[in-house]
Amino acid sequence: MVCKINEDEFRKFAPNDGDGFRIAPMNPDAYSRMLAKIAHSYAIAELGEAAFNPVLRNFIRGQPMQALQWIGDDTESPPPVPHLHSIQW
């Protein structure tokens, strides 16, 4: 997993070189399944069930798959936005 931070904002809470924070351990497949469920729900809500081909259905149900081919983000960093989350086509 990747975490992107604003260095200046982080230093407000951890001003010393040795300061840091821990991110809880997680299961990447479980996290990817959650994202896939959200994406499927969003697609059906926006497009309708008839217009949507759920290619991640088996992965969501626990079958192995190279999910990172389908689930993720752009390789380019987008410009900053004033809100925490964004969902779009």
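Below you will find a few notes about this structure. Owing to the predicted nature of the structure, the values given are computational and were not obtained by experimental measurement.

Digging into the overall build of the chain
- Assigned secondary structure in the chain consists of three helices and zero strands.
- N-terminal to C-terminal, the α/β element order of the chain is α-α-α.
- Residues classed as buried in the chain amount to 15% of the 89 residues present.
- Intrachain contacts of the chain at a sequence separation of at least 6 include 49% that bridge at least 24 residues.
- Put simply, the chain shows about 8100 Å² of open surface, and 54% of that area lies on carbon and sulfur atoms.

What about the environment of M34?
- Position of M34 relative to the elements: it lies in helix α2 (residues 28-47).
- Take M34: its relative accessible area is 39%, and that puts it in the partly exposed class.

Details of the pattern of salt bridges
- In total, this model carries one salt bridge according to the counting rule given.
- Of the charged contacts, one joins K12 and E9 as a salt bridge, the two residues approaching to 3.0 Å between their closest N and O atoms. Taken together, the positions of K12 and E9, both in helix α1 (residues 7-13) and three residues apart, correspond to about one turn of that helix.
- According to the relative accessible area criterion, K12 is exposed, its value standing at 58%.

Some remarks on the packing of aromatic side chains
- Enumeration over the complete set of coordinates arrives at zero aromatic pairs.
- Directly above the aromatic system of F59 lies the positively charged group of R33, at a separation of 4.5 Å from the ring centroid.

Observations concerning the side chain of R33
- Mapped onto the fold, R33 is located in helix α2.
- For the buried R33, which has no salt bridge, the nearest side chain bearing the opposite charge is D29, at an N-O separation of 4.6 Å.
- Among the polar contacts listed, one links the side chain of R33 to the backbone oxygen of G62, at a separation of 3.4 Å.
- Beyond its immediate sequence surroundings of up to four residues, R33 is in contact with F59, I60, G62 and Q63.

Analysis parameters
- Chains are numbered independently. Their residues run from 1 in the order of the written sequence.
- Where local features are concerned, this predicted model is filtered to residues with pLDDT of at least 70; where side-chain atom pairs are given and counted, the filter is 80 or more; whole-chain, interface and lining totals use all residues.
- Side-chain numbers come from the whole structure's heavy atoms, not from hydrogens or water.
- Labels follow the DSSP assignment, with helices taken as runs of H or I lasting at least four residues and strands as runs of E lasting at least two, numbered in each case from the N terminus.
- Only protein chains enter the accessibility calculation, which uses a 1.4 Å probe. A residue is then buried if its area is under 20% of the maximum for its type, exposed if over 50%, and partly exposed in between.
- Contacts: residue pairs with any heavy atoms within 4.5 Å of one another.
- Residue exposure ignores everything except the shown protein chains as possible cover, and the areas themselves are Shrake-Rupley values with a 1.4 Å probe.
- Salt bridges are defined as contacts in which a side-chain nitrogen from Lys or Arg sits within 4 Å of a carboxyl oxygen from Asp or Glu.
- Aromatic pairs are defined between Phe, Tyr and Trp rings, using the six-membered ring for Trp, whenever the two ring centres lie within 6.5 Å; interplanar angles under 30 degrees are classed as stacked, those over 60 as edge-to-face, and all others as tilted.
- A ring has a charge above it when a Lys NZ or an Arg CZ is no more than 6 Å from the ring centre and no more than 35 degrees off the ring normal.
- By the counting scheme adopted, Arg and Lys are positive, Glu and Asp are negative, and His together with the chain ends is not counted.
- Polar contacts here mean pairs of N or O atoms no more than 3.5 Å apart (in protein, one a potential hydrogen donor and the other a potential acceptor; neighbouring residues in sequence count only if both atoms are side-chain atoms).

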